[in-house]
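In case you want the letters, here they are:
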Amino acid sequence: MKRQAQSIARLPIETKEGIFFASYSQDGLCRLEFPKSTKPSNTPETKQVPGTIQGWHELTTKAVMALLAGAACSRVPPLDLTSGTEFQQQVWRGMQKIDLGQTSSYAELAAAIGKPKATRAVGGACGANPIPLLVPCHRVVASHHRLGGFSGGLHWKRLLLDREQCNVFA
DNA sequence: CCACGGTGGTAGA
DNA sequence: TCTACCACCGTGG
């Protein structure tokens, strides 16, 4: 069963690394996009959005800034992960338990949700993660100190782990 | 069904 | 070390 989690607002987050975009449903943050190009020029005008969402967006913005700086974020907005399948949501919830500066592996994560043989499927779920950074899919690496892949581009995974001081790679 | 992954483990070179 | 191969499992066509 998969849903679509309709977004009612899509707001920009300007950072040193480019412009992220955050989408919100009525239940919270439902999507976070990596910057496409480093310089897509001006921001597409912020329309009027409900106060609740403005509050969430502030939290999201701070969280993204903090994580890019390798710092922990104290508060995060509510996350709407209902767009995923049951399995995917289990994986995503499991990822949220990985602390800053820590890493886990696809196998560990699979075992953590009681499906030790679903390692490869976990990889798929990571790739389907709608909210990278806040749901730290970049902290999931392969076995034997190998980096593994990353949908948003491996350079992001490297950058994030580097900022978080995870010198686990060779 | 079938094919495809952000895997993991084994076997050889 | 690196390559080749294969078992696994959830997802989408």
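A. Region of interest: the protein's contact with DNA strand B. Around DNA strand B there are 18 residues in total, and Tyr-106, Arg-120, Cys-137, Ser-143 and Ser-151 lie nearest to it. What you see for DNA strand B is that sugar and phosphate hold 36% of its atoms within 4 Å of the protein. Within the contact set of DNA strand B, a base nitrogen lies 2.6 Å away from a backbone nitrogen or oxygen of Cys-137. Gly-149 places a main-chain nitrogen or oxygen 3.2 Å from a base nitrogen of DNA strand B. The set of elements that each furnish at least two residues to the surface near DNA strand B consists of helix 3 (106-112) and helix 4 (119-127). Top contributing element to the surface near DNA strand B by residue count: helix 4, with 6 residues. Among the residues forming the surface near DNA strand B, the class breakdown is 8 nonpolar, 8 polar and 2 charged.

B. Geometry of helix 4. Those residues of helix 4 that fall on the buried side of the exposure criterion are Val-122, Ala-125 and Cys-126. The arc enclosing the buried residues of helix 4, seen along the axis, measures out at 100 degrees, which places them on a common side. Elements in contact with the buried residues of helix 4: helix 2 (86-95), helix 3 and strand 5 (140-141).

C. Up close: the sheet that holds strand 2 (residues 18-25). Read from one edge to the other, the open sheet built from 3 strands follows the order 1-2-3, with strand pairing classed as antiparallel. Each end of this open sheet is capped by a strand with a single partner; those strands are strand 1 (9-15) and strand 3 (28-33). Averaged over all pairs of adjacent strands, the angle between strand axes in this sheet comes to 30 degrees, irrespective of strand direction. For strand 1 and strand 2, the ladder comprises 7 bridges, and the chain directions are antiparallel. The residue of strand 2 that forms the bridge with Glu-14 is Ile-19. Contacts from helix 1 (residues 51-68) reach strand 1, strand 2 and strand 3 within the one sheet, and its direction differs from that of strand 1 by about 30 degrees.

D. Broad picture of helix 5 (residues 154-163). Among all positions of helix 5, only Trp-156, Lys-157, Leu-160 and Leu-161 are buried. The buried residues of helix 5 occupy an angular sector of 125 degrees when the element is viewed end-on, so they sit on one face. Opposite the buried face of helix 5, at more than 90 degrees from it, the exposed residues are His-155 and Arg-158. Those residues of helix 5 that are buried are in contact with strand 2, helix 1, helix 3 and strand 5.

E. Fine view of the pairing of strand 3. Here strand 3 lies mainly inside the structure; 5 of its 6 residues are buried. Direction of pairing for strand 2 relative to strand 3: antiparallel, over a ladder of 5 bridges. Among the inter-strand pairings, Phe-21 is bridged to a residue of strand 3, identified as Glu-33. A loop of 2 residues connects strand 2 with strand 3, the two strands running antiparallel in sequence.

What counts, and where the lines are drawn
- Residues numbered from 1 in each chain as written.
- Chains lettered and ligands numbered in written order.
- Predicted model: local features only at pLDDT ≥ 70, side-chain atom pairs only at ≥ 80, totals over all residues.
- Heavy atoms only, no water.
- Near = heavy atom within 4 Å.
- Polar contact = N/O pair within 3.5 Å; in protein donor to acceptor, adjacent residues only side chain to side chain.
- Helix = DSSP H or I, 4+ residues; strand = E, 2+ residues; numbered from the N terminus.
- Nonpolar A, V, L, I, M, F, W, Y, C, P; charged D, E, K, R; others polar.
- Buried < 20%, exposed > 50% of the residue type's maximum accessible area, 1.4 Å probe, protein only.
- Arc of directions from axis to C-beta.
- Contact = heavy atoms within 4.5 Å.
- Pairing = 2+ DSSP bridges.
- Axes fitted to C-alpha atoms, helices over the stretch in contact; angles between N-to-C directions.

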